[in-house]
Amino acid sequence: MDVSTQWYVVLTKPRQEQRALEHLEQQGACAFLPLFQREHITKGKRTLRAEPLFPGYLFLQSGPADPLLSKIRSTLGARGLLYFGTQPAVVSTLLVNDLQRRSLCNENDALYKEGQKVTLQSGPFKHYEAIFQEYDGAERAVILLSLLGQQSELLVELSELLQA
């Protein structure tokens, strides 16, 4: 996109952020929906689920004269642009770039997958192989370590793991 583009805030219908994102992208838009991993307990099992960082909002990069801006209200999942007075809300490119860098955009971006073999690179179990189980927040992971014929769950810092 050229220098005259800006990031706008798009209001979405309740719990339809992903739908609005997909339909805007189908129209050729450069859109961004920041996601984060949230832990849920379903049937007694902890799982991570990607959820919008800002429920009801996503970001759209566009020029002020782009005809796409007038089509947002008719885009499935979207309600329209966020306005402050008579001007659409514009977000700093630096802020959006930082959010893109920090965001877990989708589960395919995750460094480790469930069931993947990992090696501990520090601590009392240095050089031991383990099996990655799940993320526990942004900085920790649950791994399965085989010791004395039994698998034990350990909570470790992500910085202690290497892909095996």
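Our structure's up above, just so we're on the same page.
Residues numbered from 1 in each chain as written. Predicted model: local features only at pLDDT ≥ 70, side-chain atom pairs only at ≥ 80, totals over all residues. Heavy atoms only, no water.

1. Describing the overall build of the protein chain
From N to C terminus, the protein chain includes two helices and 14 strands. Its C-alpha atoms give the protein chain a radius of gyration of 21 Å, more than 25% over the compact-globule value 15 Å for 164 residues. Referenced to the eigenvectors of the C-alpha coordinate spread, the extents of the protein chain come out at roughly 65 × 35 × 25 Å. Across the 164 residues in the protein chain, those meeting the buried criterion constitute 35%. Within the structure as shown, the protein chain displays about 10,500 Å² of accessible surface, and the carbon and sulfur contribution to it stands at 52%. Positive and negative side-chain charges in the protein chain, numbering 17 and 18 respectively, have mean positions lying 7 Å apart. (Helix = DSSP H or I, 4+ residues; strand = E, 2+ residues; numbered from the N terminus. Rg over C-alpha atoms; globule rule 2.2 N^0.38 Å. Buried < 20%, exposed > 50% of the residue type's maximum accessible area, 1.4 Å probe, protein only. Areas by Shrake-Rupley, 256 points an atom, 1.4 Å probe, with all protein chains shown as cover. Lys, Arg positive; Asp, Glu negative; His and termini not counted. Charge placed at Lys NZ, Arg CZ, Asp CG, Glu CD.)

2. Overview of the packing of aromatic side chains
Inspection of every chain in the model, using the stated rule, returns four aromatic pairs. Seen in terms of ring centroids, Phe54 and Phe59 are 6.1 Å apart; in terms of plane orientation they differ by 85 degrees. Their pairing is edge-to-face. Given the relative accessible area of 34%, Phe54 is considered partly exposed. Overall, Phe59 belongs to the buried group, its relative accessible area being 7%. Measuring from centroid to centroid gives 5.6 Å for Phe125 and Tyr128, while their planes differ by 80 degrees, and the two rings are edge-to-face. When its relative accessible area of 24% is taken as the criterion, Phe125 is described as partly exposed. Given the relative accessible area of 37%, Tyr128 is considered partly exposed. In textbook terms, an aromatic cluster arises when at least three aromatic residues are bridged by ring pairs, as seen for Phe32, Phe54 and Phe59. (Phe/Tyr/Trp six-rings, centres within 6.5 Å; stacked < 30°, edge-to-face > 60°.)

3. Some points on helix H1 (residues 17–26)
Three or more residues of H1 are buried, namely Glu17, Ala20, Leu21 and Leu24. All buried residues of H1 fall inside an arc of 100 degrees around its axis, so they share one side. Taken together, the buried residues of H1 touch strand S1 (6–12), strand S2 (30–32), strand S4 (45–52), strand S5 (57–62) and strand S6 (78–81). (Arc of directions from axis to C-beta. Contact = heavy atoms within 4.5 Å.)

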